Amino acid sequence: MLEQSVLPHLRTHGFVIVPSFLTPLELSALRAASSALISLSAEGKWPHVRTTGKQFPPWDPSLVPYSAGIWGVQHLLHPSLPLPPDHRNAFVKLYFSPKLLALSRGILSLGPDHDSGLVMELFNLLCKPTDGRGFELSWHRDDIPPSAAPEEEVAKLHKPGEAYSHTQWNLPLYHDSSLLLVPGSHLRPRTDTERGAGPYEPNLPGQIVVELNPGDLVFYDNDILHRGVYSGDKERVTLHGSVGRADGGEGEGMRKRARNVLQHGVGEWVEQADFSCLGEGEERKGAEGMRTRLVEMGREAAQAGAVGFSLVG
Ligand SMILES: O=C(O)CCC(=O)C(=O)O
């Protein structure tokens, strides 16, 4: 997919697929790093995990390794990730890779230079539940609760034509058919059918399964109605990240984005993260700028009061 067509496609449909984004070499390095991290997490050696039975943060790490499966691992840029340097560096290099940031800048309507106002955000992975049992996320928009009335939904939805304040992506390392969404639903309040449907409704009108091959990339608008359906016996390792733009919002906009990022606990370690594998050139400078802007956003949000959590459950 051409870089210029990514943003229009995302705006219209609420998601856009970039096929074969990873090279075979990148894919194999990321598979090795992810599989090591998932194994360590399942043994209880990495506490920042998403446990089955709970969809939104905070999760309870004391449930692992005995009474819950893991469906996600958090903080792939954390300085204490219990992995050898080549595995940790694979995550750092991917998150800050020029090709990923170029696409993100396009989506965020930012200029092409390295220091152009991007903000570091989340980098996690989603996986087949480690207890071997299926797990389902309910239909949701990431930052608008299901209890919202239609007027509240309209007020909170991203306005068509406005620059995006952030963008979010999934990058599967194995074939992935776990993400379900309703194309176009990011532009409107829920229909009566969607509003009345159960949280795990298997057949919402217009829903699609996003089918992705290993190394494909999908960006999606997190206002889109979506859910995850995790199979207990189909391999899933999908990197899940986001980046923002520093001037992406003021007042409630800034607090909303800060909440989305900082509710995951990134603020506790971001200043210690090690990006030295990027060298001393432009890539490193860009990464350091992104980190600094996240720290500043956190500081401003903290001054304005507790950040809280977006959704509960
Ligand atoms: O499993 C997925 O791809 C969807 C994850 C999701 O809905 C979320 O993190 O909000």
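Rules used in this analysis
Residues numbered from 1 in each chain as written. Predicted model: local features only at pLDDT ≥ 70, side-chain atom pairs only at ≥ 80, totals over all residues. Heavy atoms only, no water. Helix = DSSP H or I, 4+ residues; strand = E, 2+ residues; numbered from the N terminus. Rg over C-alpha atoms; globule rule 2.2 N^0.38 Å. Buried < 20%, exposed > 50% of the residue type's maximum accessible area, 1.4 Å probe, protein only. Contact = heavy atoms within 4.5 Å. Areas by Shrake-Rupley, 256 points an atom, 1.4 Å probe, with all protein chains shown as cover. Lys, Arg positive; Asp, Glu negative; His and termini not counted. Charge placed at Lys NZ, Arg CZ, Asp CG, Glu CD. Near = heavy atom within 4 Å. Polar contact = N/O pair within 3.5 Å; in protein donor to acceptor, adjacent residues only side chain to side chain. Nonpolar A, V, L, I, M, F, W, Y, C, P; charged D, E, K, R; others polar. Core = buried A, V, L, I, M, F, W, Y, C linked by side-chain atoms within 4.5 Å.

Novice: Where do I start with the overall build of the protein in this structure?
Specialist: When you go through the protein residue by residue, the secondary structure sums to 8 helices and 11 strands. The C-alpha radius of gyration computed for the protein amounts to 18 Å, which stays within 12% of the reference 20 Å derived for 313 residues, consistent with globular compactness. Relative to its full complement of 313 residues, the protein shows a buried share of 52%. Restricting the contact set of the protein to residue pairs at least 6 apart, pairs at least 24 apart contribute 83%. Here the protein displays about 13,200 Å² of accessible surface, and carbon together with sulfur accounts for 55% of that area. Separation between the mean location of the 30 positive side-chain charges and that of the 38 negative ones in the protein comes to 1 Å.

Novice: Quick question: what am I supposed to make of the site of the ligand here?
Specialist: With respect to spatial proximity, the complete set of residues near the ligand consists of Arg-50, Leu-126, Leu-137, His-140, Asp-142, Asn-170, Leu-179, His-226, Gly-228, Tyr-230, Arg-236 and His-240. At 3.4 Å from an oxygen atom of the ligand is found a side-chain nitrogen or oxygen belonging to His-240. Considering each element in turn, the shell around the ligand owes the most residues, 3 residues, to strand E10 (residues 226-230). When grouped by side-chain class, the residues that make up the shell around the ligand number 4 nonpolar, 5 polar and 3 charged.

Novice: Could you clarify how one ought to interpret the nonpolar core in this entry?
Specialist: What tends to happen in soluble globular proteins is that the nonpolar side chains get buried as a cluster. Among the nonpolar cores identified, the biggest contains 63 residues, and Phe-91, Leu-94, Phe-96, Met-120, Trp-169, Phe-219 and Leu-239 are the most heavily contacted of them. Ranked by residue count, the leading element in this core is strand E4 (residues 118-127), at 7 residues. In this structure Leu-94 touches Phe-21, Leu-22, Leu-30, Leu-100, Phe-123, Trp-169, Leu-171 and Leu-239, once residues within four positions along its chain are discounted. Core analysis: the second largest hydrophobic core is formed by 8 residues, Phe-15, Leu-179, Leu-212 and Tyr-220 among them.

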